[in-house]
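# Structural overview
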Amino acid sequence: MANAASGMAVEDDCKLKFSELKSKRNYRFIIFKIEQQQVVVEKLGGPDESYEDFTNSLPINECRYAVYDFDFTTDENCQKSKIFFIAWAPDTSKVRAKMVYASSKDRFKRELDGIQVELQATDPSEMSLDIVKARAI
């Protein structure tokens, strides 16, 4: 188990599942949460799940980290994919939770080698599919 500078541990399963998303494409997304001073995998989204399935999996009032494997077609008609790291901190979540997630984010993100784009969202409009598409290209 890796130890984060903020005192937050990262469960090995987090890195393992991320590696499977990145290399084997077993998952479309992974949602992580902080539980008892460590980051753990909360939910795995299958390869056929949509972006809407992903956003519906995020709790309305609680912070989460998430990784999303976004497939898109470029203007030159090339199929591409980018791995997004999303820090979800809704305005309605508790201040303490927002502080814990914010202070642990960079260290946790470093554990996941291969993140290409980072998004921070406090409400669903800040991570709409249009925004994700614009950031991917």
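Note that the coordinates shown come from a computational prediction; the quantities given were computed from them, not determined experimentally.

## A short note on the nonpolar core
Counting residues in hydrophobic clusters, the biggest one holds 22 residues, and the most contacted among them are Phe 32, Val 39, Tyr 65, Val 67 and Phe 108. If near-sequence neighbours (up to four positions away) are discounted, Tyr 65 is found in contact with Ile 30, Ile 31, Phe 32, Ile 34, Val 39, Phe 85, Ile 86, Val 100, Tyr 101, Ser 104, Lys 105 and Phe 108. Of all hydrophobic cores here, the second largest spans 18 residues; its members include Leu 58, Ala 66, Ile 86 and Ala 121.

## Describing the confidence of the model for the chain
The predicted model of the chain averages 93 in pLDDT, with 95% of residues at 70 or higher. Confidence drops under pLDDT 50 across residues 1–5; counting only partners more than four residues distant or on other chains, this segment forms 17 contacts.

## Comments concerning the pairing of strand β5 (residues 64–73)
In terms of burial, β5 is largely enclosed, as eight of its 10 residues are buried. Note that strand β3 (residues 29–35) and β5 share four bridges and pair antiparallel. When the sheet's bridge partners are listed, Phe 32 is paired in β5 with Tyr 65. Strand direction decides the pairing type here: β5 and strand β6 (residues 79–88), joined by 10 bridges, are antiparallel.

## Some words on the state of the cysteines
The full count for this structure, using the stated rule, is zero disulfides. You can see Cys 63 has no disulfide; the closest cysteine sulfur is in Cys 14, sitting 16 Å from it. We classify Cys 63 as buried; its relative accessible area is 2%.

## Remarks on the layout of surface pockets
Counted as a void, the largest pocket has a volume near 220 Å³. Lys 33, Ile 34, Asn 61, Glu 62, Cys 63, Arg 64, Ser 93, Lys 94, Ala 97, Val 100 and Tyr 101 together form the lining of the largest pocket. Taken together, the elements giving at least two residues each to the lining of the largest pocket come down to β3 and α3 (95–111). For the second largest pocket, the calculated volume is near 160 Å³. Around the second largest pocket sit Arg 64, Tyr 65, Ala 87, Trp 88, Ala 89, Lys 98, Tyr 101, Ala 102, Lys 105, Gln 120, Ala 121 and Thr 122, which together line it. Those elements that place two or more of their residues in the lining of the second largest pocket are β5, β6, α3 and β7 (117–121).

## Examining the pattern of salt bridges
Scanning all chains against the criterion turns up 12 salt bridges. Between Asp 71 and Arg 28 there is a salt bridge whose closest N-O contact spans 2.9 Å. Placement of Asp 71 in strand β5 and of Arg 28 in the loop between α1 (12–24) and β3 is noted, with a sequence separation of 43 residues between them. Between Glu 35 and Lys 33 there is a salt bridge, with the nearest N and O atoms lying 3.1 Å from each other. Overall, Glu 35 belongs to the partly exposed group, its relative accessible area being 35%. Residue class for Lys 33 comes out partly exposed when judged on its relative accessible area of 21%. A single network of salt bridges, built from pairs that share partners, joins Lys 33, Glu 35, Glu 42, Glu 62 and Arg 64.

The rules behind these values
Residues numbered from 1 in each chain as written. Predicted model: local features only at pLDDT ≥ 70, side-chain atom pairs only at ≥ 80, totals over all residues. Heavy atoms only, no water. Core = buried A, V, L, I, M, F, W, Y, C linked by side-chain atoms within 4.5 Å. Buried < 20%, exposed > 50% of the residue type's maximum accessible area, 1.4 Å probe, protein only. Contact = heavy atoms within 4.5 Å. pLDDT = per-residue confidence, 0-100. Helix = DSSP H or I, 4+ residues; strand = E, 2+ residues; numbered from the N terminus. Pairing = 2+ DSSP bridges. Disulfide = S-S within 2.5 Å. 1 Å grid on protein atoms, 1.4 Å probe; cavity = no way out; pocket = protein on both sides within 12 Å on 5 of 7 lines; lining within 4 Å. Points joined across faces, edges and corners; volume = space filled by probe spheres on them. Salt bridge = Lys/Arg side-chain N within 4 Å of Asp/Glu carboxyl O.

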